[in-house]
Amino acid sequence: MPHASVLAYSTKKVTGTIYANFTLKMSYHTFIFCVFLFRQLVDAKNRVQNGLTKLLETNDIVAELKISLTALEPELKKKSADTEALMERLAVDQEKADQVGKQKSHQGFY
């Protein structure tokens, strides 16, 4: 039994100290490693689950926003047309203001 001989040797060597050498069977090391891997797998599964939950929540929010946008589309088109009409009217008013400004500047020189 190699474990017993190692324990006997370490006991002789370390007498009078608070330290002790322990030897573990390979199956225990394998068990510890498997527990470590299991924890990593559980953590990875939880990360994937959280990601999927967030994606589903985002899909629900996008669906609600699409419905809202569809409901607001006629109003947005009307406001867009009103804005275009206002921009055209502003362009015409600007041209008139430019003509009046040119006439006054010409009158000032004579």
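Structure: above.
Presented here is a report on the structure given in the accompanying data block. (Residues numbered from 1 in each chain as written. Predicted model: local features only at pLDDT ≥ 70, side-chain atom pairs only at ≥ 80, totals over all residues. Heavy atoms only, no water.)

**Some points on the packing of aromatic side chains**
Each aromatic ring pair is described using two quantities: the centre-to-centre distance and the angle formed by the ring planes.
Line of reasoning, step 1. Enumeration according to the criterion identifies 1 aromatic pair in this entry.
Line of reasoning, step 2. Considering the side-chain rings of Tyr28 and Phe31, the 6.5 Å spacing of their centres and the 35° angle between planes classify their relative orientation as tilted. In this pair, Tyr28 and Phe31 are both assigned in helix H2 (residues 26-109), 3 residues apart and thus about one turn of the helix distant.
Line of reasoning, step 3. Of the residues examined, Tyr28 reaches a relative accessible area of 42% and is grouped as partly exposed. (Phe/Tyr/Trp six-rings, centres within 6.5 Å; stacked < 30°, edge-to-face > 60°. Helix = DSSP H or I, 4+ residues; strand = E, 2+ residues; numbered from the N terminus. Buried < 20%, exposed > 50% of the residue type's maximum accessible area, 1.4 Å probe, protein only.)

**A few points about the pattern of salt bridges**
Line of reasoning, step 1. Counted by the stated rule, this structure contains 3 salt bridges.
Line of reasoning, step 2. A salt bridge links Lys77 to Glu73; its shortest N-O distance comes to 3.7 Å. With Lys77 and Glu73 both in helix H2 and 4 residues apart, the pair spans about one turn of that helix.
Line of reasoning, step 3. Using a relative accessible area of 56% as the deciding quantity, one classes Lys77 as exposed.
Line of reasoning, step 4. Here Glu73 falls in the partly exposed class, since its relative accessible area comes to 39%.
Line of reasoning, step 5. Two residues, Asp82 and Lys78, come together in a salt bridge whose shortest N-O distance is 3.6 Å. Of this pair, Asp82 and Lys78 both sit in helix H2, 4 residues apart, which is roughly one turn of the helix.
Line of reasoning, step 6. Given the relative accessible area of 43%, Asp82 is considered partly exposed.
Line of reasoning, step 7. We classify Lys78 as exposed; its relative accessible area is 54%. (Salt bridge = Lys/Arg side-chain N within 4 Å of Asp/Glu carboxyl O.)

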